[in-house]
Number of protein chains: 2
Amino acid sequence: MLLLLSGCGNLDKGVSNVDNGNKSDGGNMTTGRIDRSEYQAIINDGRYKTSAARELNATKLNSGYNQDNFESGLLRLSHQTFSPDKYFFQEGQKLDYDTIEKWLARNSDDNNQGLNPADESQPIIFQQLMEQDFLKEDGKTLAGMSLGFAFNSVYYSNDSETSISRDELMANARKTINAVLTRVRKMEGLKNIPIVVGIFEQASKEDINGGNYIYTAVSKDGGTTIADFKAVNESHLSLPVASEVKNIATQDGMSTKFNSFQAAVQNFFPNLVGVTGQVYYVDEQVENLTINIETKYYSKTEITSFTQYVGKQVESIFDSVAGNVEVQINSVEGPQAFVAKKPEQKEIISYIFN
Amino acid sequence: MLLLLSGCGNLDKGVSNVDNGNKSDGGNMTTGRIDRSEYQAIINDGRYKTSAARELNATKLNSGYNQDNFESGLLRLSHQTFSPDKYFFQEGQKLDYDTIEKWLARNSDDNNQGLNPADESQPIIFQQLMEQDFLKEDGKTLAGMSLGFAFNSVYYSNDSETSISRDELMANARKTINAVLTRVRKMEGLKNIPIVVGIFEQASKEDINGGNYIYTAVSKDGGTTIADFKAVNESHLSLPVASEVKNIATQDGMSTKFNSFQAAVQNFFPNLVGVTGQVYYVDEQVENLTINIETKYYSKTEITSFTQYVGKQVESIFDSVAGNVEVQINSVEGPQAFVAKKPEQKEIISYIFN
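This one's a predicted model, so the numbers in the text were calculated from it and none came from an experiment. (Residues numbered from 1 in each chain as written. Chains lettered and ligands numbered in written order. Predicted model: local features only at pLDDT ≥ 70, side-chain atom pairs only at ≥ 80, totals over all residues. Heavy atoms only, no water.)

Peer 1: Would you mind showing me how to read the overall build of chain A here?
Peer 2: Each helix and strand counted, chain A has 7 helices and 18 strands in total. Per-residue burial for chain A yields a buried fraction of 59% across its 354 residues. Taking all contacts inside chain A whose residues are at least 6 apart in sequence as the whole, residues at least 24 apart take part in 60%. As presented, chain A carries roughly 14,400 Å² of accessible surface, and 44% of it is formed by carbon and sulfur atoms. (Helix = DSSP H or I, 4+ residues; strand = E, 2+ residues; numbered from the N terminus. Buried < 20%, exposed > 50% of the residue type's maximum accessible area, 1.4 Å probe, protein only. Contact = heavy atoms within 4.5 Å. Areas by Shrake-Rupley, 256 points an atom, 1.4 Å probe, with all protein chains shown as cover.)

Put into structure tokens, the structure is as follows:
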């Protein structure tokens, strides 16, 4: 049996038996299904099929935080339309690097595909486009697709920053998405498949929480326009919350819980370097809480005792947290240990790295 | 319930219910017992009692590899005399920083406590002394102690390196240990307690496997000399094994298994940066196998699929390995995921970091 303790807050959690990665009906190997609610990916000849366009996320988005939220947020939105029980996952294969680059560029005489304004005095709002594919049970036939559209809340040009209002962003998003859908529907095999669309608002470079998806929709029956978007209620917050700030974490008690945890942990060892947290809310519920503890060098015996102690604190302080709780204990030399609690389980998992 | 998946190869493994860290008989809190065969440590007022001398390990030993092997190896040797079921663990409290520094120094007019030769042309062989304490069930009374003695296999002076033969090292070790025991037995509370002694042969700076314990003994009934040492059979090896080398890993099939794993994993993703391993043998048995996979940046979806795939490979390739198997997947940005298999269990545990 293969057991997955998913630490990826944007994937649903659960534990299940594996089917042992036998050949799918179409003859491809799969990675072996581990978690009931995670997608199983297709591999050919033992090799994972990467996306030709995947490097664009790293170059186009302005921080690792935006990148992570953009990628895993789209996968979360995809679950509602493409159940992991029925579909295989594949990195986007239809839109290649050059195509996406052209679409993201400013419109010009050289590039009439550009979806950003020709006028250089206008900000670039449409910043990145990412494709995720979902295959039928034969492991070959494309059943559907998700497209993540990242839009700038701040546009950085060489010498200035331009803030983009939510209204301006949404006006641009509606126009851009319709244009992209019109083009995509003309591509081979994409005429009638369901396409999940997500609108991601990229946060500024300095924002250590990264951006969020703000709207989603599903384009069905070959549609090339989207009339109604559904609001997405997700947010990423940092802990501790600054004393003057009020947000969902101060309202639902998470901020107080985190402060208790931080105090208990910092009291345990003298000179602990830092305790910080990130919390991810979906529909006002904690989906994922990640805490980072930075330590100086400690001996194996000290780390073992410390990890036991952290486990006890997680158990007592975060007992009522609905989502996944994950504590990473790192030193400058690398990961030392971690402690985790899965959603709706009392059990604490901990691991001390060798 | 608290569950520990111990990744620390030198601690025995097992899973058990926790007793919830209630006050011990003596009124101190404990960290909460997690694993049947790991020591439970004492904490006072929520604060861990560090050793005043602990920084010496970092300054005296010549690599992190030596340091890790020195610390966790002594704890492993302690299990035989001080069962974790009966004793609490505490960082060494009796020998303070200054005392150990004096003992480790060269003998001189200023320091007649120095156990290294006054003659500067002679190498320093006795390099480091570490204390670990074991307390009775009241959490207060010292029941016994372990002393790790590190000796140099290579002595580095300003301008040269001197190799020290095993015979020379052991002659020095016998003399040094008797001298230390004579002094320790005069200290308050240490007259009659059992003292586990370990002789650690520090490896050279360049040796990425670090040193090993080579002999151990138990001093009982207030003894100040040790007549017979028992040989310790432990070794740390690196994987892959260079093609011209023959060692236990090439003899017992571990080397071949690792090469299969490496090939399978490197085929999965193009441009995987590196796959290396460390294996720890005790009495010719694999106690712990740690594999490090260095990746470039990958997306969440790629890491998820990759982790599933690695889990399948561990399950099929390292199925018959008796000890703990641990695979760490890291990128330059930090830990991405890990996969582990506990001794004598088929179950694979994996975790994808958020």
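Peer 1: Just to check I follow, could you spell out the pairing of strand β3 (residues 40-44) of chain B for this structure?
Peer 2: The two faces of the sheet receive side chains in turn, since in a regular strand these alternate between them. All names here are of chain B. Burial analysis of β3 places 4 of its 5 residues in the buried class, the great majority of the element. When β3 meets strand β4 (residues 47-48), the two strands line up antiparallel, connected through 2 bridges. Each residue of the ladder has a partner; that of N44, found in β4, is R47. Between β3 and β4, which pair antiparallel one after the other, the connecting turn spans 2 residues, and D45 there sits at a positive phi close to 50°. (Pairing = 2+ DSSP bridges.)

Peer 1: I tried to follow the pairing of strand β16 (residues 324-331) of chain B on my own but got confused; where do I start?
Peer 2: Residue and element names in this part refer to chain B. Within β16, 8 of the 8 residues are buried, which leaves it mostly tucked inside the rest of the structure. The two faces of β16 match: N324, E326, Q328 and N330 on one face and V325, V327, I329 and S331 on the other face are all buried. When strand β15 (residues 285-295) meets β16, the two strands line up parallel, connected through 8 bridges. Bridging across to β16, T290 finds its partner in E326. Bridge count between β16 and strand β17 (residues 334-341): 7 bridges; the pairing is antiparallel. If you follow V325 over to β17, its bridge partner there is K341.

Peer 1: Would you take a moment to explain the packing of aromatic side chains for this structure?
Peer 2: Working definition: an aromatic ring pair is given by the centre-to-centre distance plus the angle between the planes. Residue and element names in this part refer to chain A. Across all of its chains, the model carries 38 aromatic pairs over all chains by this definition. Note on Y39 and F134: the rings are 5.0 Å apart at their centroids and 50° apart in plane angle, and the pair reads as tilted. One end of the pair, Y39, is in the loop between β2 (29-30) and β3 (40-44); the other, F134, is in strand β6 (residues 126-135), with 95 residues separating them in the sequence. Both residues of the pair, Y39 and F134, count as buried. (Phe/Tyr/Trp six-rings, centres within 6.5 Å; stacked < 30°, edge-to-face > 60°.)

Peer 1: Sorry if this is basic, but what is going on with the environment of B:D68 here?
Peer 2: Here B:D68 shows up in helix α2 (residues 64-78). Sequence spacing of B:D68 and B:G210 is 142 residues, and the spatial spacing of their C-alpha atoms is 8.2 Å.

Peer 1: I keep staring at the pattern of salt bridges and nothing clicks. Help me out?
Peer 2: Close approach of charged atoms allows side chains of opposite charge to pair. Scanning the model with the defined rule gives 8 salt bridges over all chains in all. Between A:E234 and A:R76 there is a salt bridge whose closest N-O contact spans 3.2 Å. With A:E234 in strand β13 (residues 234-239) and A:R76 in helix α2 (residues 64-78), the pair connects residues that are 158 residues apart, well separated along the chain. Residues A:E234 and A:R76 agree in their burial class; the two are buried. Between B:R166 and B:E201 there is a salt bridge, with its nearest N and O atoms 3.0 Å apart. With B:R166 in helix α4 (residues 166-184) and B:E201 in strand β10 (residues 195-202), this pair connects stretches of sequence that are 35 residues apart. (Salt bridge = Lys/Arg side-chain N within 4 Å of Asp/Glu carboxyl O.)

Peer 1: What's the story with the packing of helix α6 (residues 254-268) of chain A against helix α7 (residues 300-317) of chain A in this structure? I'm lost.
Peer 2: Residue and element names in this part refer to chain A. Running from amino to carboxyl end, α6 crosses α7 at an angle of 160°, the nearest separation of the two axes being 10 Å. Judged by the angle between their axes, α6 and α7 are roughly antiparallel. For the pair α6 and α7, the crossing hand works out as right-handed. Along its contact with α6, which presents K257, S260, F261, A264, V265 and F268, the element α7 presents S305, F306, Y309, V310, Q313, V314 and I317. (Axes fitted to C-alpha atoms, helices over the stretch in contact; angles between N-to-C directions. Parallel < 35°, antiparallel > 145°, perpendicular 65-115°, else oblique. Left-handed = near helix turned anticlockwise from the far one by under 90°.)

Peer 1: Please explain unusual backbone geometry as it appears in this structure.
Peer 2: Excluding glycine, residues mostly have negative phi values, and the peptide bonds linking residues are mostly trans. Residues and elements named next belong to chain A. Note that the residue after L239, namely P240, is joined by a cis bond; omega there is 0°. Its place among the elements puts P240 in the loop between β13 and α5 (248-251). Backbone geometry at E284 places phi at a positive 70°, although glycine is not the residue there. With respect to the helices, strands and loops of the structure, E284 is situated in the loop between β14 (274-282) and β15 (285-295).

Peer 1: Can you walk me through the side chain of B:S331 in this structure?
Peer 2: Within the fold, B:S331 resides in strand β16. Here the side chain of B:S331 touches B:Q336 through a polar contact of 2.9 Å, side chain to side chain. (Polar contact = N/O pair within 3.5 Å; in protein donor to acceptor, adjacent residues only side chain to side chain.)

Peer 1: Explain the confidence of the model for chain A to me, please; I cannot follow it from the model alone.
Peer 2: Reading predicted coordinates in detail is not appropriate for stretches of low pLDDT. Residues and elements named next belong to chain A. The pLDDT averaged across chain A works out to 86; a share of 89% of its residues lies at or above 70. Below pLDDT 50 for its whole length, residues 1-27 participates in 102 contacts with residues either more than four positions away or in separate chains. A low-confidence stretch, residues 32-36 (pLDDT under 50), is modelled with 29 contacts involving residues beyond four sequence positions or located in other chains. (pLDDT = per-residue confidence, 0-100.)

Peer 1: Sorry, what's going on with helix α3 (residues 97-104) of chain A here?
Peer 2: Each turn of an α-helix holds 3.6 residues, which means side chains three or four residues apart point in the same direction. Residue and element names in this part refer to chain A. Within α3, the full set of buried residues consists of T99, I100, W103 and L104. Along the axis of α3, the buried positions cluster into a sector of 125°, meaning they face one direction only. Next to the buried residues of α3 lie α1 (55-60), β6 and α4 (166-184). (Arc of directions from axis to C-beta.)

Peer 1: Explain α2(B) to me, please; I cannot follow it from the model alone.
Peer 2: Residue and element names in this part refer to chain B. Taking 1.5 Å per residue, 15 residues should reach 21 Å; α2 reaches 21 Å between its end C-alpha atoms and fits that length. The element α2 is largely enclosed, with a buried count of 12 among its 15 residues. Turning to α2, its buried residues number three or more, namely N66, Q67, N69, F70, E71, S72, G73, L74, L75, R76, L77 and S78. (Expected span 1.5 Å × (residues − 1).)

Peer 1: Mind showing me how you'd approach the environment of A:E294 here?
Peer 2: Of note, A:E294 is situated in strand β15. Once residues lying within four places of it in the same chain are set aside, the contact partners of A:E294 are A:L272, A:V273, A:G274 and A:N330.

Peer 1: Is there a simple way to think about the environment of B:G144 in this case?
Peer 2: Residue and element names in this part refer to chain B. Within the secondary structure layout, G144 lies in strand β7 (residues 142-152). Accessibility expressed as a relative area gives 0% for G144, which makes it buried. In the structure, G144 is positioned 48 residues away from N192 in sequence and 8.9 Å away in space, judged by C-alpha atoms. G144 has contacts with F82, Q132, D133, F134, I193 and P194, leaving out every residue within four places of it along the chain.

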